[in-house]
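# Residue-level structural notes
So you can see what is in the structure, the chains are spelled out below.
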Amino acid sequence: ALRHYEEALSVAVEIDDLQGTALLQANLGNVHLTRGDLERALSSYEEAFSRFEEIGDYRGSSQILVAIGNVHFIRGHFEEAAHHYRRSIEGREKMGDRWGLGNSLDNLGVVEYYLGQWGAALEHAGAALRLRRELGDRPGQAESALNLGNLFAVLDEQVLPVQPDQ
């Protein structure tokens with residue numbers, strides 16, 4: 001996969017296909033991520049983000065912000081991951097991308113848990129679950145319910161300041 005993506009990227013750059021370049025950089029990032037090469041994954045995702053921003057593809061840039069956040073999350077850089085997830089949420093709200101918003105809210109809730117921000121984690125995980133229910137996104141609803149259940153399993157429900165969804 002890597003060899004073919006690199007060949008395709010070379011051609012896309014040569015013919016000045018910015019959309020193709022952005023998509024291929026994202027695909028290269030995915031390959032590097034699955035191979036455990038976080039540095040190259042991050043570099044590819046950042047290149048993809050730059051290209052998406054350059055051509056005004058805010059859906060693509062919002063998706064790549066989640067991928068960048070995921071790399072930071074894997075590295076244990078939770079503040080940096082949260083920053084990218086929040087930026088993704090902003091972009092998705094501006095575009096009205098409610099399906100993607102559910103994913104970004106879930107990711108933010110999970111990283112807030114790791115940061116010890118229990119109330120915010122429950123708020124965002126609960127918002128993701130409500131949104132995904134509203135959209136009829138059954139796989140997303142299952143993911144959000146799992147994340148919210150995990151939060152409640154770890155935290156004492158009697159002490160929590162937020163009860164996002166019953």
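Numbers given for residues are sequential positions, taken from 1 along each chain in its written order. Only residues with pLDDT of at least 70 get local features here, since the model is predicted, and only at 80 or more are side-chain atom pairs given and counted; chain-wide, interface and lining totals rely on the full set of residues. Hydrogens and water molecules were not included; the side-chain quantities draw on all heavy atoms of the structure.

### Here we look at the environment of tyrosine 114
Among the structural elements, tyrosine 114 can be located in helix α6 (residues 98-114). On a C-alpha basis, the gap between tyrosine 114 and glutamate 46 in space is 24 Å, while along the polypeptide they are 68 residues apart. Apart from residues lying up to four places away in sequence, tyrosine 114 is in contact with Phe73 and Phe78. To qualify as a helix, a DSSP run of H or I must reach at least 4 residues; to qualify as a strand, a run of E must reach at least 2; elements of each kind are numbered from the N terminus. By the convention used here, residues are in contact when the closest approach between their heavy atoms is within 4.5 Å.

### Describing the pattern of salt bridges
Any two side chains of opposite charge can pair, on the condition that their charged atoms come close. Salt bridges are defined as contacts in which a side-chain nitrogen from Lys or Arg sits within 4 Å of a carboxyl oxygen from Asp or Glu. For the structure on display, the rule yields 12 salt bridges. A salt bridge links glutamate 134 to arginine 98, with the nearest nitrogen and oxygen atoms 2.2 Å apart. A residue pair is termed long-range when its members are at least 10 positions apart, and glutamate 134 in helix α7 (residues 118-135) and arginine 98 in helix α6 qualify at 36 residues. Each of Asp106, Arg132, Asp137 and Glu143 takes part in a single network of salt bridges with overlapping partners.

### Quick look at the side chain of serine 61
For serine 61, the location among the structural elements is in helix α4 (residues 58-75). For the exposure calls, accessible area comes from a 1.4 Å probe over protein chains only, and a residue counts as buried if that area is under 20% of its type's maximum, exposed if over 50%, partly exposed in between. Classification of serine 61 by relative accessible area gives buried; the value is 3%.

None of this, on its own, says anything about what the molecule does.
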